[in-house]
Amino acid sequence: MASHPAGDNSRLKRRRRSESVFKFILLASVILVSLILSVILVSILWKSLPALKLSMILKTPGTGYYLGQSGGILNAIVGSIEIAFGATFLALVIALPLVIYLNTYLKRRSFLAEVIRLSLDVLWGIPSIVYGVFGFLLMLMFHLRASLLAGMITIALVELPILSRAMDETIRLVPAELKEASYSLGATRWTTATRIVLRQALPGLITSVLIALGRGLGDGASVLFTAGYTDRLTTSLLQPVATLPLAIFFQLASPFPEVQQRAFASAAILTLLILAISLLTRFFGRKLSRNKIR
Amino acid sequence: MKKEKGRQLAAGLFSLFPVFLTIAIFLLLLAKAFPLLSLKSLPDLIFSSVWQPQKGQFGLWPFILGTIWVTITAFILAAPLSILTAIYISDYASSRLKKWLAPVLDLLAGLPSVIYGMWGILLIVPLVGKYLAPLFGTYSSGYSILTAGLVLAVMILPTIVNVSVEVLSAVPADLKEAALALGATRLEVVRYVVLKKSLPGVAAACVLGLSRAFGETIAVMMVVGNVPVAPTSLFSPAYPLPALLANNYGEMLSIPGYESALNLAAIILLLIVIIFSLAARIYLTRLGRRAG
């Protein structure tokens, strides 16, 4: 260093300068991203919270609702909850045995495991509008009309790859020693899977289910032609059902400002629901890291 | 023991469901698109720009072009920003900042598409129509490719950032420390060590975001204008494939060939998305294996 100070100094300066320029660019992009993201949240809530009235949550649309008369979107809130919970349950019924089979009965790199994971990757990539098309074609095949059942099945298909992959990832984190200890005590694979592995991975599994539930609540494209829409509360699987995303979509397209206001209010409700689920997910995620066996 | 065998069989059958479902989706869509394919050749349908269902003209080119324009615009806007953000999060940010950013990114990744669409109508449509278009000396209603691209860019940002952060964080700390010990600045570590090691992974993260963008439906169709003409500039409206499906599918269609044409559109969309997302996924899985 001391032998040629002049040359080294200018090079060092240049390197330092490019370092600080780069750091500035990085910081600027992080700030820009955070700014965009906060603008979205703030502008949605700022626009929609004032439109939020108690009657929106407590009433179904009355006569002339879409012309600006009184009423609420209880039908869509209840409908979204019905369809999302039903779909998540259906998806779980398939995903749970699936991940158990993948992780306890199959060797990690066996051909079958690879094929199943590959097909989950394919399904994960399929856009929800294509699931909607597929669901509609299935409906025609089974002579179903647009209904809670059809919408539920379609959303379950959308959720299945998300749920399975998330559950697969958490279950893979369960240490092999734990399983081996259980096997060495003479437990069968099924007992090990249900009593040991699932219990150890439980917080992660709940997180996965919540993520899937959030997707189910917010997905509009897949229920566009499978769930229909109704102004009443849905009480049977074969009736059409209203959903929040479609309620927002339809009301926003209205020429009446009063109805558009309600679209904003509906958006606030949906955003708050998603926010609540996101917070719950965080909560269980933290629990997961606390229960780790070292 | 018998009970155990039965359970294994049942669980095995359930786990074949995704394989079965994948095949079923492809076959059913193909079967439904087939009637039209037997009437006209595939290149004719794909490269024709005339979309007049009443006259039996089903040119899908405007829709394919619209999809590509919107997606590429979103990608160009989102990719550099997300990669820089990911680098900052993985290599510069304090753990406290990470703790704050992670839930926000997760929340935004989980925000429904219709909410982004509404945001687009409220903010981006007037921005493009009233300010950006006059700035470039053209007229735009605000419902344009650029608008859809901007909204879509924001939607795929969290995906690209999250996956990139994962890839970047997987670069072994010893490598970085070795470079630092040799006197490299942090920028040099990022450039010569971190990015060199993880560039393909970051590219895969971008492709994953791209594949999400291709299939995005509601938010795009709310702001893109939905005019079935091949777009000519960023400020002209477009009509991407998902919007075509969302607007027209599901009505019982009495026009012959219409339903087939829409199913063909669905297959084209499906194939584009699958190719991109699968390539990225497979690469990322391999990467994870090498690391783990």
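It should be emphasised that the depicted structure is a prediction, and the values quoted were computed from it without experimental measurement.

Asker: Before we move on, can you summarise the overall build of chain A with the specific residues and values?
Answerer: Across its full length, chain A holds 10 helices and 0 strands. Listing every helix and strand of chain A by position from the N terminus yields α-α-α-α-α-α-α-α-α-α. Here the C-alpha atoms of chain A give a radius of gyration of 25 Å, more than 25% beyond the 19 Å that 2.2 N^0.38 yields for 294 residues. When the backbone C-alpha atoms are referred to their principal axes, chain A occupies close to 90 × 65 × 35 Å. The 294 residues of chain A split such that 50% are buried. Of all intrachain contacts in chain A linking residues separated by at least 6 positions in sequence, the fraction that spans at least 24 positions is 72%. Only carbon and sulfur atoms are counted for the fraction: they give 66% of the accessible area of chain A, which is about 14,200 Å². Counting 30 positive and 13 negative side-chain charges, chain A places the averaged centre of each group 7 Å from the other.

Asker: So, the interface of chain A and chain B: which residues are in play, and what are the values?
Answerer: Each partner contributes residues to the interface: chain A has 77 residues there, and chain B has 80 residues. Linking chain A with chain B are 2 salt bridges, by the criterion used here. The partner of D106(B) in a salt bridge is R282(A), with the nearest N and O atoms 2.7 Å apart. There are 13 residue pairs in polar contact (both at pLDDT 80 or more) connecting chain A and chain B. Those elements giving two or more residues to the side of chain A that touches chain B turn out to be α1 (5–48), α3 (74–105), α4 (111–125), α5 (128–141), α6 (148–172), α8 (189–218), α9 (244–252) and α10 (257–290) of chain A. Residue contributions to the side of chain A that touches chain B peak at 21 residues, all from α1(A).

Asker: Just give me the short version of the environment of E251(B), but keep the residues and values in it.
Answerer: Mapping E251(B) onto the fold places it in the loop between α11 (241–248) and α12 (258–291). Counting along the chain gives 12 residues from E251(B) to N263(B), while the straight-line C-alpha distance between them is 13 Å.

Asker: Tell me about the nonpolar core, and please be specific about residues and values.
Answerer: I40(A), I25(B), L29(B), W51(B), L60(B), Y116(B) and L245(B) are the most contacted members of the largest nonpolar core, which totals 182 residues. Setting aside chain neighbours within four positions, we find I25(B) in contact with L123(A), I126(A), Y131(A), F134(A) and L270(B). In this structure, V163(B), V167(B), A204(B) and A205(B) belong to the second largest nonpolar core, which totals 10 residues.

Asker: Account for the packing of aromatic side chains, with residues named and values stated.
Answerer: Going through the model one piece at a time under the given rule, you end up with 17 aromatic pairs over all chains. Taking 5.6 Å as the distance between ring centres and 25° as the angle between the ring planes, the aromatic pair formed by Y101(A) and Y105(A) counts as stacked. Within this pair, Y101(A) and its partner Y105(A) are both found in helix α3, separated by 4 residues, close to a single helical turn. Just as Y101(A) is buried, Y105(A) falls in that class too. Each ring, one from W51(B) and one from Y258(B), has its centre 6.0 Å from the other, and the planes form 65°; the classification is edge-to-face. Here W51(B) is found in strand β1 (residues 51–52), whereas its partner Y258(B) is found in helix α12, with 207 residues between them in sequence. For Y258(B), a relative accessible area of 10% puts it in the buried group. Members of the aromatic cluster, each reached through a chain of ring pairs, are W51(B), F58(B), F63(B), Y239(B) and Y258(B).

Asker: Which residues make up a positive patch on the surface, and what are the values?
Answerer: On the surface, a cluster of positive charge is made up of R11(A), K13(A), R14(A) and R17(A). Checked against the element boundaries, R17(A) lands in helix α1.

Asker: Outline the pattern of salt bridges, listing residues and values.
Answerer: Per the stated rule, a full pass over the model turns up 7 salt bridges over all chains. Across the pair R15(A) and E188(B) runs a salt bridge whose closest N-O atoms are separated by 2.8 Å. A residue pair is termed interchain when its members come from two chains, as with R15(A) in helix α1 and E188(B) in helix α9 (residues 186–215). Judged by relative accessible area, which is 22%, R15(A) ranks as partly exposed. In this structure, D168(A) engages R172(A) in a salt bridge whose closest nitrogen and oxygen atoms are separated by 3.2 Å. Of this pair, D168(A) and R172(A) both sit in helix α6, 4 residues apart, roughly one helical turn.

Asker: So what about unusual backbone geometry? Which residues, and what values?
Answerer: The backbone phi angle of H143(A) is positive, close to 55°, even though this residue is not glycine. Although it is not a glycine, N226(B) adopts a positive phi angle of roughly 55°. Relative to the elements of secondary structure, N226(B) occurs in the loop between α10 (218–223) and α11.

Asker: Describe the packing of α3(A) against α8(A), naming the residues involved and giving the relevant values.
Answerer: Residue and element names in this part refer to chain A. The geometry of α3 relative to α8 is characterised by a closest axis approach of 9 Å and an angle of 145° between their N-to-C directions. For the pair α3 and α8, the sense of crossing is right-handed. Residues S80, I81, A84, F85, T88, L92, L96, I100, T104 and Y105 of α3 touch α8, and the partners they reach there are R189, W190, A193, T194, L198, V209, A212, L213, G216 and L217. Considered class by class, the residues forming the contact of α3 with α8 number 14 nonpolar, 5 polar and 1 charged.

Asker: Describe helix α5 (residues 95–110) of chain B, naming the residues involved and giving the relevant values.
Answerer: Residues three or four positions apart in an α-helix share a direction because the helix packs 3.6 residues into each turn. Helix length check: α5(B), at 16 residues, gives a terminal C-alpha distance of 23 Å against a target of 22 Å (1.5 Å per residue), a fit within 8%. Taken together, the buried positions of α5(B) are occupied by L101(B), L105(B), L107(B) and L108(B).

Asker: An account of the environment of D231(A) is requested, with residue identities and associated values reported.
Answerer: Among the secondary structure elements, D231(A) is positioned in the loop between α8 and α9. Placed 61 residues apart in sequence, D231(A) and T170(A) show a C-alpha to C-alpha distance of 40 Å.

Asker: Can you break down the packing of helix α4 (residues 61–92) of chain B against α11(B) residue by residue, with the values?
Answerer: Two quantities define a packed helix pair, namely the angle between the axes and the distance from one axis to the other. All names here are of chain B. One way to put it is that α4 packs onto α11 with a least axis distance of 7 Å and a crossing angle of 125°. It follows that α4 is oblique to α11 by the angle criterion. Taking contact as the criterion, the partners of F63, I64 and T67 in α4 are, on α11, L241, P242 and L244. Its residues placed into classes, the contact of α4 with α11 shows 5 nonpolar, 1 polar and no charged.

Asker: Report on a nonpolar patch on the surface, specifying residues and quantitative values.
Answerer: Residues F89(A), L90(A), V93(A), I153(A) and F14(B) make up a contiguous nonpolar surface patch of roughly 400 Å² in combined accessible area. In terms of residue count, the dominant contributor to the nonpolar patch is α3(A) (3 residues). As for its position among the elements, F14(B) is in helix α1 (residues 2–15). In this structure F14(B) comes out as partly exposed when scored by relative accessible area, which is 33%.

The rules behind these values
- Residues numbered from 1 in each chain as written.
- Chains lettered and ligands numbered in written order.
- Predicted model: local features only at pLDDT ≥ 70, side-chain atom pairs only at ≥ 80, totals over all residues.
- Heavy atoms only, no water.
- Helix = DSSP H or I, 4+ residues; strand = E, 2+ residues; numbered from the N terminus.
- Rg over C-alpha atoms; globule rule 2.2 N^0.38 Å.
- Buried < 20%, exposed > 50% of the residue type's maximum accessible area, 1.4 Å probe, protein only.
- Contact = heavy atoms within 4.5 Å.
- Areas by Shrake-Rupley, 256 points an atom, 1.4 Å probe, with all protein chains shown as cover.
- Lys, Arg positive; Asp, Glu negative; His and termini not counted.
- Charge placed at Lys NZ, Arg CZ, Asp CG, Glu CD.
- Salt bridge = Lys/Arg side-chain N within 4 Å of Asp/Glu carboxyl O.
- Polar contact = N/O pair within 3.5 Å; in protein donor to acceptor, adjacent residues only side chain to side chain.
- Core = buried A, V, L, I, M, F, W, Y, C linked by side-chain atoms within 4.5 Å.
- Phe/Tyr/Trp six-rings, centres within 6.5 Å; stacked < 30°, edge-to-face > 60°.
- Patch = residues over 30% accessible without salt bridge, like charges linked within 9 Å, V, L, I, M, F, W, Y side chains within 5 Å.
- Axes fitted to C-alpha atoms, helices over the stretch in contact; angles between N-to-C directions.
- Left-handed = near helix turned anticlockwise from the far one by under 90°.
- Nonpolar A, V, L, I, M, F, W, Y, C, P; charged D, E, K, R; others polar.
- Expected span 1.5 Å × (residues − 1).
- Parallel < 35°, antiparallel > 145°, perpendicular 65-115°, else oblique.

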